[in-house]
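The primary structure of each chain is shown beneath.
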Amino acid sequence: MVPFPFHFCALSLPHTHIHYNLVGVDTIIPMASFTLFHLFIAIILHVFLAATPIFSVSEQLSSSTIPTRFLDFAKKPETFDWMVNIRRKIHEYPELLYEEFKTSELIRIELDKLGISYKHPVAGTGVIGYIGTRKPPFVALRADMDALPMQEMVEWEHKSKVPGKMHACGHDAHVTMVLGAANILKQHEKEIQGTVVLVFQPAEEGGAGAKKVIEAGALKDVGAIFGLHVAPNIRVGEVGSRSGTLMAASGFFEATINGKGGHAAIPQHSIDPILAASNVIVSLQHLVSRESDPLDSQVVTVAKFQGGDAFNVIPDSVTIGGTFRAFSKESFLQLRHRIEQVIVAQAAVQRCNATVNFLEGEKPFYPATINDGKLHKHFQTVAGTLLGASKVIEVPPMMGAEDYSFYQEVIPGYFFWLGMQNASNERLHSLHSPFFTVNEDALPYGAALHASLAATYLLKHQNVVPFVEAMYNDEL
């Protein structure tokens, strides 16, 4: 820490002259010309400056140079190749929620190589790393680790080697970029004024791993957390986000509608649960179109319908399931209440009975992802310096959901989209597609942004450094 160059240092030389430094300028006054007036002025200035807290110059200078320095480091061929190699290793062995054992092991191996300390296990398979002083302020960077239960359809050298499992949401890239940020930050650890907490989190895909990380106490004393997600529809070298609500709150439901089975040729002897379920589905759509404010976005989607197996047999029961989304907590809870009411009542109209399960034990409700306003300004400044102001895009809210929102419920958080689309504007497949691919040219940008957001946050929030008392030296 370099103190602001207002200091006063008097040196008692062999009674021939007095040497002092004021406003960074060395001054020597012959003893003969040094009067009580000079001494009076010097004492007044010393008292004033000693009582005034001064910020460090290094903070002001570093905040503007860190992003470009870090991006240059991330783009070095050896750093880029290292990140690509890690990403491809993770991609070849995808693991589902709370089963991320190989991924967790790979992370710990890389942290060991970098000389970064960590805690494990956290929330099952999670890893929490630490860079810096291990003292306040604390800031966190988050990466999710889990894959999806789907078969990869992309034919390439590093295709998933695990049948029925695939990194189709870019979490392999997310882990890689936080490791890349860790590499950058470790190289500059002596410059870090505080602690960067690396959060490698399990089970984002429906398992609410973030909630378990919080419950494990891993974010104690952390003042802010940053996270990102790769975006196939934003160009490489660009980012998108917004202040306030970015993504919706999300929940799931499953309902069993029970009737009385029978032969399809004599339906009067049956109580048809398929007809009842059909009416339920239509009625659920009215919750958004007829009951909600058109300016308050909400979604109810039934995506699961399981009935009988034969063409000429009415089944005893039908199971339906789906998801519901809303931006506000009030609207979300109202949807939950009305979904249960409509299913039970509409089933009763068709002489059936229904039970509704919101699966909160296995698929907890996700809160809305709401970005902190102050962190939004910080993000705009850092990303604008690193990429250029025109590359920082404000995006509209979307009805997708992220368990990152659990972090934002307890500490200020900021989440953003990292572009992957190449310069030719070749259309990439969407998230959760079996044809999804990662444009690895985005990796240096994500790593440098993570590292820059963390390092500049710490500089901005380090404690005010009081003026250090002037030291008098006797050179006799």
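Quick caveat, the model's predicted, so the values are computed rather than measured.

S.K.: Help me out: how do you make sense of the side chain of S405 in this one?
M.R.: Note that S405 resides in helix α10 (residues 405-408). Those residues in contact with S405 that lie beyond four places of it in its chain are Y366, P367, A368 and T369.

S.K.: Teacher, can you tell me more about the confidence of the model for the chain here?
M.R.: Note: predicted coordinates in regions of low pLDDT should not be interpreted at a detailed level. In this model, the chain carries a mean pLDDT of 88, and residues with pLDDT of at least 70 account for 84%. Below a pLDDT of 50 lies the segment residues 1-34, which in the model reaches 72 contacts outside its immediate sequence neighbourhood of four places, other chains included.

S.K.: How do you make sense of helix α7 (residues 273-291) when you look at a structure like this?
M.R.: Counting along an α-helix, one turn takes 3.6 residues, and residues three or four places apart therefore face a common direction. Between its terminal C-alpha atoms α7 stretches 26 Å, which fits the 27 Å expected from 19 residues at 1.5 Å a residue. At Q285, α7 shows its largest kink, close to 25°. Where α7 is buried, its residues meet β11 (249-258), β13 (298-306), β14 (313-314), β15 (317-326) and α8 (329-349).

S.K.: Teacher, can you tell me more about the sheet that holds β13 here?
M.R.: Ordered in space as β13-β15-β11-β16, the four strands form an open sheet in which the pairing is antiparallel. Looking at which strands have only one partner, the edges of the open sheet turn out to be β13 and β16 (353-357). Going across the sheet, the axis of each strand differs from the next one's by a mean of 20°, ignoring polarity. Where α7 meets the sheet, its contacts fall on β11, β13 and β15, and the angle it forms with β13 comes to roughly 165°. Strand contacts of α8: β11, β13, β15 and β16, with the helix running at about 160° to β15, the strand carrying the most contacts.

S.K.: How do you make sense of the sheet that holds strand β19 (residues 413-421) when you look at a structure like this?
M.R.: Paired through their backbone hydrogen bonds, the strands of a sheet run either parallel or antiparallel. Within the open sheet, the eight strands sit side by side as β4-β5-β7-β6-β8-β19-β9-β18. Their pairing is mixed. A strand with exactly one partner marks an edge of an open sheet, and here the two such strands are β4 (117-122) and β18 (392-394). In this sheet, adjacent strand axes meet at a mean angle of 25° when their direction is disregarded. As paired elements, strand β5 (residues 126-132) and strand β7 (residues 195-201) share six bridges and run antiparallel to each other. Across the sheet, I131 pairs through a bridge with V196, a residue of β7. Here helix α4 (residues 101-114) sits on the sheet in contact with β4, β5 and β7, set at roughly 165° to β4.

S.K.: Could you clarify how one ought to interpret the packing of α4 against helix α5 (residues 171-187) in this entry?
M.R.: Packed helices, taken two at a time, are described by their axes: the angle between them and the distance between them. At a minimum axis separation of 10 Å, α4 and α5 run at an interaxial angle of 10°. With respect to α5, the element α4 is oriented roughly parallel. Where α4 abuts α5, its residues L106, I107, E110, L111 and L114 lie against V175, L179, A182, N183 and K186. Taken together, the residues that form the contact of α4 with α5 break down as seven nonpolar, one polar and two charged.

S.K.: For this particular structure, what's the right way to read the nonpolar core?
M.R.: Note on soluble globular proteins: their nonpolar side chains tend to be buried together. Ranked by internal contacts, the top residues of the largest apolar core, which has 70 residues, are L185, V196, L198, F200 and V239. Considering every element that reaches this core, the biggest residue donor is helix α11 (residues 443-461), with twelve residues.

S.K.: Sorry if this is basic, but what is going on with the packing of aromatic side chains here?
M.R.: To describe a pair of aromatic rings, one takes the distance between the centres and the angle between the planes. With the rule as written, the count across this model stands at 13 aromatic pairs. With 5.1 Å between their ring centres and 85° between their planes, F332 and F365 make a pair best called edge-to-face. A residue pair is termed long-range when its members are at least 10 positions apart, and F332 in helix α8 and F365 in the loop between β16 and β17 (369-371) qualify at 33 residues. Neither residue differs from the other here; F332 and F365 are each classed as buried. Following the ring pairs from residue to residue traces out a cluster consisting of F253, F324, F332, F358 and F365. Over the face of the ring belonging to Y130 we find R134, whose NZ or CZ atom lies 4.2 Å from the ring centre. Here K363 stacks its cationic end above the ring of F252, 5.4 Å away from the centre of that ring.

Rules and cut-offs
- Residues numbered from 1 in each chain as written.
- Predicted model: local features only at pLDDT ≥ 70, side-chain atom pairs only at ≥ 80, totals over all residues.
- Heavy atoms only, no water.
- Helix = DSSP H or I, 4+ residues; strand = E, 2+ residues; numbered from the N terminus.
- Contact = heavy atoms within 4.5 Å.
- pLDDT = per-residue confidence, 0-100.
- Expected span 1.5 Å × (residues − 1).
- Bend = angle between axes of the 7 residues up to and from the residue.
- Pairing = 2+ DSSP bridges.
- Axes fitted to C-alpha atoms, helices over the stretch in contact; angles between N-to-C directions.
- Parallel < 35°, antiparallel > 145°, perpendicular 65-115°, else oblique.
- Nonpolar A, V, L, I, M, F, W, Y, C, P; charged D, E, K, R; others polar.
- Core = buried A, V, L, I, M, F, W, Y, C linked by side-chain atoms within 4.5 Å.
- Buried < 20%, exposed > 50% of the residue type's maximum accessible area, 1.4 Å probe, protein only.
- Phe/Tyr/Trp six-rings, centres within 6.5 Å; stacked < 30°, edge-to-face > 60°.
- Lys NZ or Arg CZ within 6 Å of the ring centre and 35° of its normal.

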